[in-house]
Amino acid sequence: MTSEQSLAGRRIPLVDYLVLEGEPHLVAHECVTCAARYFDRRNACASCEQAEFRVVDVPTEGELRAFTIVSFAAPGVPVPFVAGVVDCGGTTVRGNVVNVPPDPEHVRLGMKLRLTTTSLGTDAAGVEAIGYGFEPAA
Amino acid sequence: MAENVWILGIHMTKFGKHPTLDPVDLGVEAIRGALADAGLRMRDVGVLAAGNLMGRGGSFGQQLQKQTGQTGIPVFNVANACATGATALRVAVMAIRAGETEVGLAVGAEKLSGAGLLAGGAREAEGDTWAPKGRFGAVAALDGRVGTETMPGVFAQIGMEYGHRYGGTSFELFARISEKNHAHSTLNPLAAYQKRFTLGQIMNDVMIAYPNTRPMCSANCDGAAAAVVVSEAKLRTLSLEQQRRAVKVSASVLTSDPWQEACQVLPDVNTLTRVAAEQAYEQAGIGPEDLDLVELHDCFATAELVHYDNLKLCPQGGAVDFFNSGATWRDGTTPVNVSGGLESKGHPIAATGIANVWEVATHLRGEAGDRQIAGARVGLAHVIGLGSACGVHILEKAAV
């Protein structure tokens, strides 16, 4: 079995804080000392300066705290799309708002959202990349 | 108590398209203008702080010296995103307050005409296999897939977040802020654009990132500004005319963003501005109610609204009512961006944090021509560089 065959059909998350196993969800690095949460690789906590973190699950449902509808972006970025900031039970997450028409009549501040996954396509080795977004929960 | 610092000379080039000038040409024009305004020469200057964010960062100050006077003084080449100019001024002021020199020179210059999107303007090339990299272990570019990295989009969300927290915002409200600044710009001959837009024209223009249409975004352009600052002791040795036109730097503050929940998800431009404003009011011994004019960082119409609140021009949460009262128009109680602001005057990044000080100083000197705010004695200049850095300077017309 070549490595290419072994990869075919496999999935990989767009970002390492997206967990695909089981029910897809996001995870954060939580500071053991002060509970500040981060999504990136950490050296130390920007809030309390300690350097110990644990991985915690982030709720998959939330509320839209801010958004914009991007109509002008770099070549290769499909527009329009809705970029937003979602309050997931106290943890703030950046993500696109998907499965909703990208206009201010359908995208509303405070709307209830839930995490969903999207396919980015399959690479040369047959691996599918999976991204995330938030869709209307109602 | 450190010594008072005064602006002795200050100059801003015309903002706009300067196809035949490079950043050095623009910086030199600003420096020679500021020195002439001060009545000093390069050999009188003890420290130079220089910024040119998008290009010659490493030795920009030395390149300017080679065209204006190589006197061997220390040069600080500074970079702090859109607060680069304010940072240069802050360095010059700090050197004088520290007692290291009596005369400082700060300059910022930028060539930005036709630059387009400054972040998120190009998507990184992607390989043919998914390979995690970077601090998020991302297998592909995140701009457009996990929110937006474009400035119009980031600042749109900042304005929308304010609306979510306090209510009262709308596409039309943000557009009316832009309408004000474009109306103000018609009186400013140095503005890149001096065109008045109707509300309908603004709302129906090209949408960039809702709710920011094109005229609601800062204008990329070329320009430079420079300031000569002196110690109070030095000022006392100069002519009465120089003393009369000098403008007191009552506060010079630079902050970065203190950690707040979610500040690494959506940039928090509020906390560091509030902190800078508080420090500046305390340093100056004056309050927001004393301000005769404010130049604040309206990189987007959505940003101007939140800074009314952050600079404490209104009660917390009251920015919408404050704007709706007409307070920030040039005939209002707290005129904001009578220069036309970044949306029409333009935003040549490294120049901006000195150009807004020039605008305020020019009013305090009574030399602002058709757009003069009558009797202006106190003004505030504010900039934000995303990342973030915030510069606030409070200037006063005062007797030495």
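Basis of the calculations
- Residues numbered from 1 in each chain as written.
- Chains lettered and ligands numbered in written order.
- Predicted model: local features only at pLDDT ≥ 70, side-chain atom pairs only at ≥ 80, totals over all residues.
- Heavy atoms only, no water.
- Helix = DSSP H or I, 4+ residues; strand = E, 2+ residues; numbered from the N terminus.
- Rg over C-alpha atoms; globule rule 2.2 N^0.38 Å.
- Buried < 20%, exposed > 50% of the residue type's maximum accessible area, 1.4 Å probe, protein only.
- Lys, Arg positive; Asp, Glu negative; His and termini not counted.
- Charge placed at Lys NZ, Arg CZ, Asp CG, Glu CD.
- Contact = heavy atoms within 4.5 Å.
- Areas by Shrake-Rupley, 256 points an atom, 1.4 Å probe, with all protein chains shown as cover.
- Pairing = 2+ DSSP bridges.
- Axes fitted to C-alpha atoms, helices over the stretch in contact; angles between N-to-C directions.
- Nonpolar A, V, L, I, M, F, W, Y, C, P; charged D, E, K, R; others polar.
- Expected span 1.5 Å × (residues − 1).
- Phe/Tyr/Trp six-rings, centres within 6.5 Å; stacked < 30°, edge-to-face > 60°.

Caption draft 1: View of the overall build of chain B. Summing up its helical and strand segments, chain B has 13 helices and 11 strands in all. The C-alpha atoms of chain B give a radius of gyration of 20 Å, which matches the 21 Å a tight globule of 400 residues would have. For the C-alpha atoms alone, the extent of chain B along its principal axes is close to 65 × 50 × 40 Å. Evaluated residue by residue, chain B yields a buried proportion of 62% over its 400 residues. Across chain B, the mean location of the 33 positive side-chain charges is 5 Å away from that of the 40 negative side-chain charges.

Caption draft 2: Focus on the overall build of chain A. The helix and strand inventory of chain A stands at one helix and 10 strands. Oriented by its inertia axes, the alpha-carbon framework of chain A measures out at about 50 × 45 × 30 Å. Across the 138 residues of chain A, 44% fall into the buried class. Relative to all contacts within chain A whose residues are 6 or more apart in sequence, the contacts with residues 24 or more apart total 47%. When the accessible area of chain A is evaluated, it comes to approximately 6600 Å², of which 48% is carbon and sulfur surface.

Caption draft 3: Representation of the side chain of Arg371 of chain B in the model. Of note, Arg371 of chain B is situated in the loop between helix 13 (349–364) and strand 10 (378–385). Excluding residues within four positions of it along the chain, Arg371 of chain B makes contact with Leu187, Asn188, Pro189, Arg330, Val338, Ser339, Trp358, Glu359 and His363 of chain B.

Caption draft 4: Region of interest: unusual backbone geometry. Residues and elements named next belong to chain B. Residue Pro211 is bonded to the preceding Tyr210 through a cis peptide linkage, with omega at 5 degrees. Unusually for a residue other than glycine, Lys312 sits at a positive phi of about 65 degrees. Topologically, Lys312 is positioned in the loop between helix 10 (301–310) and helix 11 (319–324).

Caption draft 5: Just the sheet that holds strand 1 (residues 5–12) of chain B, in detail. Residues and elements named next belong to chain B. Pairing is mixed in the open sheet, where nine strands are placed in the order 3-2-4-7-1-8-11-10-9. Of all strands in the sheet, those bounded by a partner on one side alone are strand 3 (75–77) and strand 9 (293–295). The sheet shows a mean angle of 25 degrees between the axes of neighbouring strands, taken without regard to direction. Each of strand 1, strand 2 (47–51), strand 4 (103–110), strand 7 (223–231), strand 8 (247–256), strand 9, strand 10 and strand 11 (389–396) touches helix 13; the most contacted strand, strand 10, lies at about 170 degrees to it.

Caption draft 6: Region of interest: the packing of helix 3 (residues 84–97) of chain B against helix 13 of chain B. All names here are of chain B. Between helix 3 and helix 13, the shortest axis-to-axis distance is 4 Å and the interhelical angle comes to 65 degrees. Only Ala350, Gly353, Ile354 and Val357 of helix 13 make contact with helix 3, whose side of the interface consists of Thr84, Gly85, Ala86 and Leu89. Among the residues making up the contact of helix 3 with helix 13, the classes are represented as five nonpolar, three polar and no charged.

Caption draft 7: Seen up close, the side chain of Ser252 of chain B. On the secondary structure map, Ser252 of chain B appears in strand 8. Not counting residues up to four positions away in its chain, the partners in contact with Ser252 of chain B are Arg90, Val93, Arg97, Gln283, Val392 and His393 of chain B.

Caption draft 8: Seen up close, helix 13 of chain B. Residue and element names in this part refer to chain B. For helix 13, built from 16 residues, the straight-helix expectation of 22 Å at 1.5 Å per residue is met to within 8% by its first-to-last C-alpha distance of 24 Å. With 16 of 16 residues buried, helix 13 lies mostly within the body of the structure. Just past helix 13, the residue Gly366 takes up positive phi, approximately 75 degrees.

Caption draft 9: Quick look at the environment of Ile73 of chain B. Counting through the fold element by element, Ile73 of chain B comes out in the loop between helix 2 (60–68) and strand 3. Accessibility expressed as a relative area gives 14% for Ile73 of chain B, which makes it buried.

Caption draft 10: Examining the packing of aromatic side chains more closely. Across all of its chains, the model carries 12 aromatic pairs over all chains by this definition. For the ring pair Phe67 of chain A and Tyr210 of chain B, a centre distance of 6.3 Å and an interplane angle of 10 degrees mean the geometry is stacked. With one member in each of two chains, Phe67 of chain A in strand 6 (residues 61–70) and Tyr210 of chain B in strand 5 (residues 207–210) form a pair that bridges those chains. Exposure remark for Phe67 of chain A: the relative accessible area of 2% places this residue in the buried category. Residues Tyr308 of chain B and Phe322 of chain B carry aromatic rings whose centres are separated by 5.4 Å and whose planes lie at 75 degrees to one another, so their mutual orientation is edge-to-face. With a gap of 14 residues between them, Tyr308 of chain B in helix 10 and Phe322 of chain B in helix 11 connect regions that are remote in the sequence.

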